[in-house]
Amino acid sequence: MAKLYFRYGAMNSGKSTSLMQVAYNYEERNQKVIVIKSVIDTKGNEYLVSRIGLKRKVDILLNNEDEIFSKGEQFKKDNIACILVDEAQFLNPDQVFDLYKISKIYDIPVICYGLRSDFRTIGFPGSIRLLELADELEELITICRCGKRAKLNARKVNGEFVSEGEQVSIDEVGDVTYESLCGKCYLEKVNNKSVN
């Protein structure tokens, strides 16, 4: 039976790059994949883009109200070997459950890549559901400015760390950027609390 995977990590941990590498590996062996991302991620529009310059067209741009389970039968008929989802934190909980059902009923592995939590350390609804349902979890690693493992995402607006705002604000759109930080650096930079 196929599995639902959630590969999560802080910003700049190589999630989109890893997804594109997995897609390439399947296609190199003449196996078909479906690449999905949410329309909420406007960076790249209908393309996945990675910070190292890789780019790939998406097969399905998913709206928040879209149902995905009904596509499972067609995926099976089309001999889809794997479903790959980028920015999975933007899925709604029902879409995550749809992907879980596709993995079990149609025996197609689903690999989701995304953030676990936002810049305030609060889980995204899609990520929370993935943490509840995924058969396998894998943390992708990136490094904080201090050299330790970065697990949190800090938002900057006009170069200044912020701790308030809407949950979703796309990286490099307008004056918003993100930095991956370890817990200690996050508290020092975002919450302005010295940690000894």
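Residues numbered from 1 in each chain as written. Predicted model: local features only at pLDDT ≥ 70, side-chain atom pairs only at ≥ 80, totals over all residues. Heavy atoms only, no water.

J.: I would appreciate a short explanation of the sheet that holds strand β5 (residues 60-62) in the present structure.
T.: The strands making up a sheet are joined through hydrogen bonds of the backbone, oriented either antiparallel or parallel. Across the sheet, six strands lie side by side as β5-β2-β6-β7-β1-β8; this open sheet has parallel pairing. The sheet is open, and its two edges are formed by β5 and β8 (136-139), each paired on a single side. Strand-to-strand, the axes of this sheet are offset by a mean angle of 20 degrees, without reference to chain direction. Both strand β6 (residues 80-86) and strand β7 (residues 110-114) contribute to a ladder of three bridges, which runs parallel. When the sheet's bridge partners are listed, L84 is paired in β7 with I111. Across the sheet, helix α1 (residues 15-28) touches β1 (4-8), β2 (32-38), β6 and β7, and the angle it forms with β6 is around 170 degrees. Relative to β1, helix α3 (residues 93-105) is tilted by about 130 degrees, and along the sheet it contacts β1, β5, β6 and β7. (Pairing = 2+ DSSP bridges. Helix = DSSP H or I, 4+ residues; strand = E, 2+ residues; numbered from the N terminus. Axes fitted to C-alpha atoms, helices over the stretch in contact; angles between N-to-C directions. Contact = heavy atoms within 4.5 Å.)

J.: Looking at this structure, how should I read the nonpolar core?
T.: What tends to happen in soluble globular proteins is that the nonpolar side chains get buried as a cluster. If you look at the biggest cluster of nonpolar residues, it comprises 25 residues, and the most contacted ones within it are I36, F75, I83, V85, L99, I102 and C112. At the level of elements, β1, β2, β5, β6, α3, β7 and α4 (125-133) are the ones that each hand at least two residues to this core. Among residues more than four places away in sequence, those in contact with I83 are I34, I36, F75, L99, I102, I108, P109, V110 and I111. Core analysis: the next-biggest nonpolar cluster, separate from the first, contains 13 residues, M20, V58, Y113 and L140 among them. (Core = buried A, V, L, I, M, F, W, Y, C linked by side-chain atoms within 4.5 Å. Buried < 20%, exposed > 50% of the residue type's maximum accessible area, 1.4 Å probe, protein only.)

J.: Whenever I open this one, the environment of D41 confuses me. Can you help?
T.: Among the structural elements, D41 can be located in the loop between β2 and β3 (47-49). We classify D41 as buried; its relative accessible area is 7%. Separated by 127 residues in sequence, D41 and V168 place their C-alpha atoms 9.1 Å apart.

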